[in-house]
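Residues per chain, in single letters:
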Amino acid sequence: MSVVPFSDSIALVCLVAALVVLLMTPACARSVGATFKYSLAGALALLVFVSLSNVLEHAGITTALDAYEDYAEVLFVPLVAYILLGRSMTEQLEAAEAAEEQTRREHALLMSVVDTAPSSILVADSEGNVWFANDEARRYVEQPGDGAPMVLVPGLRPVIARAVEAAPVRIVRRWAMLDGAERWFSISATRLTSSSDGGDHAVVAFQDVTERVAAEAELEEYREELEEQVDRRTSELLELNRQLTDANKTGQRLLANVSHEFRTPLNSIIGFTDLLLGETSGPLNAEQRRQLGFVNASGNQLLTIVESVLELARVEAGRGAVSLSVTELGHTVRDVVNPIGIIAEDRGITLTCVCEAAVTVWADVDKLGQIVRNLVTNAVKFTDPGGVVEVRLVVEVEEVLIQVADNGIGIAPEDQKRIFEAFEQVDRADRARVSGAGLGLSICRDLCGLLGYGLSLESEPGMGSTFTVHIPFEPDMAPTLVGETE
Amino acid sequence: MYQESEIVDLLMVLFLTPIMVVAYRVVTIRGKRWFAAAYLMTATGYVLTVLEGYVAAGVLNTLEHATYAFAGVLCLVGVTHVFRAARTETEGATL
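Residues numbered from 1 in each chain as written. Chains lettered and ligands numbered in written order. Predicted model: local features only at pLDDT ≥ 70, side-chain atom pairs only at ≥ 80, totals over all residues. Heavy atoms only, no water.

Student: Explain helix α2 (residues 34-58) of chain A to me, please; I cannot follow it from the model alone.
Tutor: Residues that lie three or four places apart on an α-helix share one face, since the helix turns once every 3.6 residues. Between its terminal C-alpha atoms α2(A) stretches 36 Å, which fits the 36 Å expected from 25 residues at 1.5 Å a residue. Among the residues trailing α2(A), A:Gly60 stands out with phi positive, at a value near 75 degrees. (Helix = DSSP H or I, 4+ residues; strand = E, 2+ residues; numbered from the N terminus. Expected span 1.5 Å × (residues − 1).)

Listed below in structure tokens is the structure:
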């Protein structure tokens, strides 16, 4: 049995089915256009016709269609070629249209951007002919009206032409316009690489920056003026500072002189009241003794203040000559503290000196003694009866500390810096009871500065205060115990 | 022996197929491989038609009709792809 009729039958059935399915396919624009659909249907119809002819022929029904079968076969290949080429051209056309539309949209967008730009943008040649200008640039171009390219206004022509010739360039130039006014322009130019007529074209962006340049010039002028003013004021301040320094020195000198002049009569007052109180000139009654005692005490108090003022003046004037010697620190401190112990005892205050750590340092004995004396006296002065004042000598690695600690009234944090200034004292209720000019700590600070010592304070109101003198060891002098020295 | 129309068919295939190959590469038809295979089957049938006039007439004739059967099946598959693509696109546009 031949398979030919069977093959023809399969071909006929499949092709008819394909034709039916294709005719049922909706002819939408993208995947199946109407032209493609019906052209393909025509090609399938030709094959159906050939298959039908073959089936009828091999089934022995008729050969009538055989005469037309050749025409169908001849038509098939060109029809397929037509379908394929037609489809290809259609798709290319659609792609070209889409690209054109895209280009048109991008061009519109670009033109919007260029026209919205605050700068003038144009395409010009070296002769000043303008081939394109955005909205802003049209203020500077003239349109002849006869189809010729636009031209720049005469005032701008040379500067743009120069920028085109020198492109790429970025310059700021001043140019005289036709009306005589001088304008500043910031110009950037870039040569066009593909010019259609092969001439020297460039994209030029420029902006009138006259106002900005004027503002910058004004700013520069103002800056120079400001600099001059600052120089002038600095000179004035320096002069004022010199005058103040001179006035301060004069004041210190005056104060020292006045204090010095006070000392002689004060010594007379104190000396004669001592004589009177010693009853060398005759006996005194109780009232006279009491009143003379007031005079004597007030005189001594005033003398102390005067001597403090003189000392401060000496230190501030830098006249306190430093005389260094190897000093056994514990001994020096004890010598100063012991006499004050009597005063402390009178006031009911316990004064102790923990100075066993015998150590030798280079020090000015007198000045160091005065520092310790002022600190201890202050502590005793501002500690209530029944309180404790302790003087400690602490040896550390790089320094020796002399600490004067009391459990007195303490000092508020806001006062801790102020009390080191001359004539400053902490306000307290019993101030009248505590005599003094507020010079002790100031003298301590200045003397410490003179000797290269540090002076610190730790205090809490109501809990007492601890003043610490930091005496650094000299680099070539390690702390030496007296025992070791011996 | 051959008929004149069979020679014309063969010449058409020989001259137009290269042009169609170029177009085939750029077009975007869903299931185009199936259509290309169907076309090649048909073109092969044309060649076999001419050859059967010279050698192995029986076998080549059988093969010729078999290629037509294959071409029919391949066309049906290709059209089915086109149908599905069009349906999908139409439904997408409707939605």
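Student: Please explain the pattern of salt bridges as it appears in this structure.
Tutor: Side chains bearing opposite charge may pair, as long as their charged atoms lie close to each other. All names here are of chain A. Counted according to the given criterion, the structure contains 20 salt bridges over all chains. Linking Asp246 and Arg242 is a salt bridge whose minimum nitrogen-to-oxygen distance equals 3.1 Å. Of the two residues, Asp246 and Arg242 are both situated in helix α5 (residues 210-277); the distance of four residues between them amounts to about one turn of the helix. The class for Asp246 is partly exposed, based on a relative accessible area of 35%. A salt bridge links Arg445 to Asp446; the nearest nitrogen and oxygen atoms lie 3.1 Å apart. On the accessibility criterion, Arg445 (30% relative accessible area) is partly exposed. With a relative accessible area of 16%, Asp446 lands in the buried category. Within this structure, Glu100, Glu101, Arg104 and Arg105 form a network of salt bridges that share partners. (Salt bridge = Lys/Arg side-chain N within 4 Å of Asp/Glu carboxyl O. Buried < 20%, exposed > 50% of the residue type's maximum accessible area, 1.4 Å probe, protein only.)

Student: Looking at this structure, how should I read the packing of aromatic side chains?
Tutor: Centre-to-centre distance and the angle between the planes together describe a pair of aromatic rings. Scanning the model with the defined rule gives four aromatic pairs over all chains in all. Their ring planes at 85 degrees and their centres at 6.1 Å tell us that A:Tyr140 and A:Phe185 sit as a pair that is edge-to-face. Taken together, the residues A:Tyr140 in the loop between β2 (129-133) and β3 (141-142) and A:Phe185 in strand β6 (residues 182-191) connect sequence positions 45 residues apart. Each member of the pair, A:Tyr140 as well as A:Phe185, carries the same accessibility label: buried. Between A:Phe185 and A:Phe206, the ring centres sit 6.1 Å apart and the planes meet at 65 degrees, which makes this aromatic pair edge-to-face. In this pair, A:Phe185 sits in strand β6 while A:Phe206 sits in strand β7 (residues 201-208), placing the two residues 21 residues apart along the sequence. Accessibility expressed as a relative area gives 1% for A:Phe206, which makes it buried. Among the aromatic residues, those joined into a cluster by ring pairs are A:Tyr140, A:Phe185 and A:Phe206. The positively charged end of A:Arg87 is found above the aromatic ring belonging to A:Phe36, 5.1 Å away from the centroid. Sitting over the ring of B:Tyr24, B:Lys32 keeps its end group 4.6 Å from the ring centre. (Phe/Tyr/Trp six-rings, centres within 6.5 Å; stacked < 30°, edge-to-face > 60°. Lys NZ or Arg CZ within 6 Å of the ring centre and 35° of its normal.)

Interpretation note: all reported values are geometric properties and have no functional meaning in isolation.
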